[in-house]
Amino acid sequence: YRACWPLDGAGAPPAAEGYVQPYCDSPLDRYQVAENAYLQLVGRAESYIWLTSPYLILDSRFLQSLCMAAQSGVQVRVLCPRQGDRWFVHMVTRSYYGTLLRAGAEVWEYSPGFIHAKMAVCDGKAAIVGTANLDFRSLYLHHECGVALWGGEAVAAVEADIRRTLDASQRITLAEV
């Protein structure tokens, strides 16, 4: 913290455009910090919420929040890999597509390879980048960490990365499911 400006206290700290909140999550306590961080973004989305994850195995609370956001007119985009690294987990991931699509959410699959990014961006204002997959094991049973971002260039960079990834992805239709 102090390394950003002179240690003698002279001068002002550098100007900041936004805020960064690191967090960690542990299965050894009763808090679901990573899931709650994602749910906060979904619940606050006014225009759009885009999420990327290699795995999509949601509890009912998370699935319901995504569906409710989509039904409320928020553009919900969920981006997963087209080619999974574990066939069974990939099939379970795809089992959520129908519910999301029927609610009005968009489901995309990244085609060039396996996407391992765990990110979210909301309304160009807030983003999450971390280690937590959107699956039960990651959100409830693993030690995970992440960073919540508000404002500034970092949020724009996350959004730009997701946009580039979407450009290399295929939108999934209900007919395909």
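Above: the structure in question.
An account of the accompanying structure is given in this report. What you are looking at is a predicted structure, and each value in this text was computed from that prediction instead of being measured.

Focus: the overall build of the protein
Thinking step 1. Tallying secondary structure elements over the protein gives six helices and ten strands in all.
Thinking step 2. On C-alpha atoms alone, the protein measures out to a radius of gyration of 17 Å, which is about the 16 Å that the 2.2 N^0.38 rule sets for 177 residues.
Thinking step 3. If one aligns the C-alpha atoms of the protein with their principal axes, the spans along those axes are about 65 × 35 × 30 Å.
Thinking step 4. The long-range fraction of contacts in the protein, counting pairs at least 24 apart against all pairs at least 6 apart in sequence, stands at 77%.
Thinking step 5. If you sum the accessible surface of the protein, you get close to 9700 Å²; carbon and sulfur atoms cover 56% of it.
Thinking step 6. Of the side chains in the protein, 15 bear a positive and 18 a negative charge, and the two mean positions are spaced by 4 Å.

Here we look at the state of the cysteines
As used here, a disulfide is simply a covalent bond connecting the sulfur atoms of two cysteines.
Thinking step 1. A complete count under the given rule lists zero disulfides for this structure.
Thinking step 2. Note on Cys67: no disulfide assigned, nearest cysteine sulfur contributed by Cys80 at a separation of 14 Å.
Thinking step 3. A residue is classified by how much of its surface remains accessible, and Cys67, at 10% relative accessible area, is buried.

Here's the deal with the packing of helix H1 (residues 33-44) against helix H2 (residues 60-71)
Thinking step 1. It is the contact of H1 with H2, at a shortest axis distance of 10 Å, that shows an interaxial angle of 15 degrees. Here H1 is positioned roughly parallel relative to H2, judged by the angle of their axes. The handedness of the crossing between H1 and H2 is left-handed. Listed contacts from H2 to Glu35, Asn36, Tyr38, Leu39 and Val42 of H1 are Arg61, Phe62, Ser65, Leu66 and Ala69.
Thinking step 2. Residue composition of the contact of H1 with H2, by class: six nonpolar, two polar and two charged.

Focus on the pattern of salt bridges
Thinking step 1. For the structure on display, the rule yields eight salt bridges.
Thinking step 2. With its nearest N and O atoms 2.8 Å apart, the salt bridge here joins Asp85 to Arg86.
Thinking step 3. You can call Asp85 partly exposed: its relative accessible area is 40%.
Thinking step 4. One salt bridge connects Asp161 with Arg164, and the closest N-O pair in it is separated by 3.5 Å. Placement of the pair is Asp161 and Arg164 together in helix H6 (residues 152-167), with a separation of three residues, close to one helical turn.
Thinking step 5. Judged by its relative accessible area of 53%, Arg164 is exposed.
Thinking step 6. A network of salt bridges, in which partner residues are shared, links Arg77, Glu106 and Arg171.

The rules behind these values
- Residues numbered from 1 in each chain as written.
- Predicted model: local features only at pLDDT ≥ 70, side-chain atom pairs only at ≥ 80, totals over all residues.
- Heavy atoms only, no water.
- Helix = DSSP H or I, 4+ residues; strand = E, 2+ residues; numbered from the N terminus.
- Rg over C-alpha atoms; globule rule 2.2 N^0.38 Å.
- Contact = heavy atoms within 4.5 Å.
- Areas by Shrake-Rupley, 256 points an atom, 1.4 Å probe, with all protein chains shown as cover.
- Lys, Arg positive; Asp, Glu negative; His and termini not counted.
- Charge placed at Lys NZ, Arg CZ, Asp CG, Glu CD.
- Disulfide = S-S within 2.5 Å.
- Buried < 20%, exposed > 50% of the residue type's maximum accessible area, 1.4 Å probe, protein only.
- Axes fitted to C-alpha atoms, helices over the stretch in contact; angles between N-to-C directions.
- Parallel < 35°, antiparallel > 145°, perpendicular 65-115°, else oblique.
- Left-handed = near helix turned anticlockwise from the far one by under 90°.
- Nonpolar A, V, L, I, M, F, W, Y, C, P; charged D, E, K, R; others polar.
- Salt bridge = Lys/Arg side-chain N within 4 Å of Asp/Glu carboxyl O.

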